[in-house]
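# Close look at the chain arrangement
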Amino acid sequence: MGKQSSINKTITLTQVEKRAYKKKLIKLYEPVKLTKIKNKTINQDLFTAIEHLPNKFVDLLFIDPPYNMNKKFNTTSFKKMAFEDYIDWFDSWLSKLVRILKPTASIYICGDYISSLAIYYVGVKYFILRNRIVWEREKGRGAKYNWKNNTEDIWYFTMSDDYKFNVDDVKLKKKVIAPYKVNGQPKDWEKSIEGNFRLTHPSNIWTDITVPFWSMKENTEHPTQKPEKLLAKIILASSNKNDLVFDPFLGSGTTSVVAKKLKRNYLGIEIDETFACVAEKRLALADKDKSIQGYSGEVFWERNSLIDQTRIKPSRKSNE
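Below is a summary of the structure that appears in this document. (Residues numbered from 1 in each chain as written. Predicted model: local features only at pLDDT ≥ 70, side-chain atom pairs only at ≥ 80, totals over all residues. Heavy atoms only, no water.)

## Quick look at the packing of aromatic side chains
Applying the stated criterion across every chain yields a total of 17 aromatic pairs. Geometrically, the ring pair formed by F213 and W214 is edge-to-face, given 6.5 Å between the ring centres and 80° between the ring planes. Under the relative-accessibility criterion, W214 is labelled partly exposed at 30%. Cluster of aromatic residues (ring-pair linked, three or more members): F78, Y86, W89, F90, W93 and F249. When the ring centre of W206 is taken as reference, the NZ or CZ atom of K233 above it lies at 5.2 Å. Above the plane of the ring of F300 lies K233, whose end atom (NZ or CZ) is 4.7 Å from the centre. (Phe/Tyr/Trp six-rings, centres within 6.5 Å; stacked < 30°, edge-to-face > 60°. Buried < 20%, exposed > 50% of the residue type's maximum accessible area, 1.4 Å probe, protein only. Lys NZ or Arg CZ within 6 Å of the ring centre and 35° of its normal.)

## A word on a nonpolar patch on the surface
Residues F83, Y113, I114 and L117 make up a contiguous nonpolar surface patch of about 390 Å² in total accessible area. Assignment of secondary structure puts L117 in helix 6 (residues 115–126). Of the residues examined, L117 reaches a relative accessible area of 55% and is grouped as exposed. (Patch = residues over 30% accessible without salt bridge, like charges linked within 9 Å, V, L, I, M, F, W, Y side chains within 5 Å. Areas by Shrake-Rupley, 256 points an atom, 1.4 Å probe, with all protein chains shown as cover. Salt bridge = Lys/Arg side-chain N within 4 Å of Asp/Glu carboxyl O. Helix = DSSP H or I, 4+ residues; strand = E, 2+ residues; numbered from the N terminus.)

## Focus on helix 7 (residues 228–238)
The periodicity of an α-helix, 3.6 residues per turn, causes residues three or four places apart in sequence to face the same way. Counting buried positions along helix 7 gives 11 out of 11 residues, so the element sits mostly inside the fold. Of all the positions in helix 7, only E228, K229, L230, L231, A232, K233, I234, I235, L236, A237 and S238 are classed as buried.

## Quick notes on the sheet that holds strand 6 (residues 128–136)
The strand order 1-15-14-2-5-7-6-13 describes an open sheet built from 8 strands, whose pairing is mixed. Two strands lie at the open edges of the sheet, namely strand 1 (40–42) and strand 13 (205–206), each paired on one side alone. Bridge count for strand 6 against strand 7 (residues 151–158) is 8 bridges, and the pairing is antiparallel. For I128, the partnering residue across the bridge sits in strand 7 and is T158. Across the sheet, helix 7 is in contact with strand 2 (58–63), strand 5 (101–111), strand 6, strand 7, strand 13 and strand 14 (244–247); its angle to strand 2 comes to roughly 155°. Running over the sheet, helix 8 (residues 254–261) touches strand 2, strand 14 and strand 15 (265–269) and is turned about 175° from strand 15. (Pairing = 2+ DSSP bridges. Contact = heavy atoms within 4.5 Å. Axes fitted to C-alpha atoms, helices over the stretch in contact; angles between N-to-C directions.)

## What to know about the environment of K261
With respect to the element layout, K261 can be found in helix 8. The exposure class of K261 is buried, given its relative accessible area of 12%. In this structure the C-alpha to C-alpha distance between K261 and K290, which are 29 residues apart in sequence, comes to 5.1 Å. Once residues within four sequence positions are removed from consideration, K261 is found in contact with E228, A286, D289, K290, S291 and I292. At a separation of 2.9 Å, a polar atom in the side chain of K261 contacts the side chain of E228. (Polar contact = N/O pair within 3.5 Å; in protein donor to acceptor, adjacent residues only side chain to side chain.)

## Quick word on the side chain of D243
Tracing the chain through its elements places D243 in the loop between helix 7 and strand 14. The buried category is assigned to D243, whose relative accessible area is 10%. Of note is the side chain of D243, whose polar atom sits 2.8 Å from the backbone nitrogen of N240. Residues within four places of D243 in sequence aside, it is in contact with D59, K164, R264 and N265.

## Quick word on the pattern of salt bridges
Under the defined criterion, the tally for this structure stands at 21 salt bridges. Note that R130 is salt-bridged to D161, the shortest N-O span being 2.6 Å. Taken together, the residues span a long stretch of sequence, with R130 in strand 6 and D161 in the loop between strand 7 and strand 8 (172–175) at a distance of 31 residues. D161 gets classed as exposed once you look at its relative accessible area, which sits at 62%. Three or more residues joined by partner-sharing salt bridges are found here, namely D59, K102, K164 and D243.

Right under this line is the structure:
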């Protein structure tokens with residue numbers, strides 16, 4: 001226990017820090033211009049705040065809502081509903097977000113295998129469905145009477161057929177198990193002292209994500225925190241520098257933090273004051289440390305394959 005305590009990097013708040021970061025949080029009581037909310041954290045109920053946001057200012061919308069299960073988020077709790085009621089609840093706030101999106105906006109919505117049904121049902125009412133991403137959430141000890149549930153979904157929509165997708169910014173660097181050569185030269189891969197690697201196009205199955213835990217410096221006490229690497233993929237693919245990324249269920253701030261690290265503007269809404277303050281602390285830390293676990297040299301790396309970020313140079317020669 002002593003060893004774990006000595007390397008525990010979980011981000012927490014002292015009471016002094018909480019009072020300081022609380023001053024950075026904002027609440028909305030009347031319609032506001034973008035300049036008043038850009039790069040801010042709104043500590044307020046979504047239904048109240050959304051009424052005061054300007055029209056068509058969001059380039060990328062990332063949503064990680066409560067899944068349809070009993071879950072406690074510090075001072076707030078979500079109670080499992082009948083499926084039809086969950087659909088109605090989902091629609092009640094998603095419908096209000098449509099007006100704040102630019103015509104070129106992209107939308108990503110997270111869910112598990114049950115809530116995904118509601119995401120599809122409601123999402124296609126307002127947006128164009130592009131894909132469903134399945135990512136491996138390799139955490140937990142398994143189930144005794146069922147298959148271990150270690151994946152989650154991310155539904156990818158756009159507002160129109162005019163949207164951004166920066167494929168070259170989200171390629172994955174993978175180890176080459178059976179290197180193929182032509183005339184003795186590597187074919188679509190690169191040899192290095194650390195091994196053989198090639199850049200591959202991104203797919204809709206993500207197995208390179210590590211869920212935050214106590215020895216990772218991005219870890220917080222939020223029960224459903226998404227990894228920074230996961231957000232980096234989405235933000236790099238579907239936005240450009242200086243675009244605005246919006247998260248209406250911000251939690252401990254991952255979306256805003258990664259947007260800041262990648263030179264995007266951001267806005268988040270979080271109802272819990274403590275988690276909103278944690279988000280502000282992480283944003284302050286991002287001023288000094290812009291690194292993202294598993295992302296280096298402008299490429300993403302397979303889980304546990306990035307040996308030394310300073311020694312390996314990426315190659316963009318290969319693509320498949």
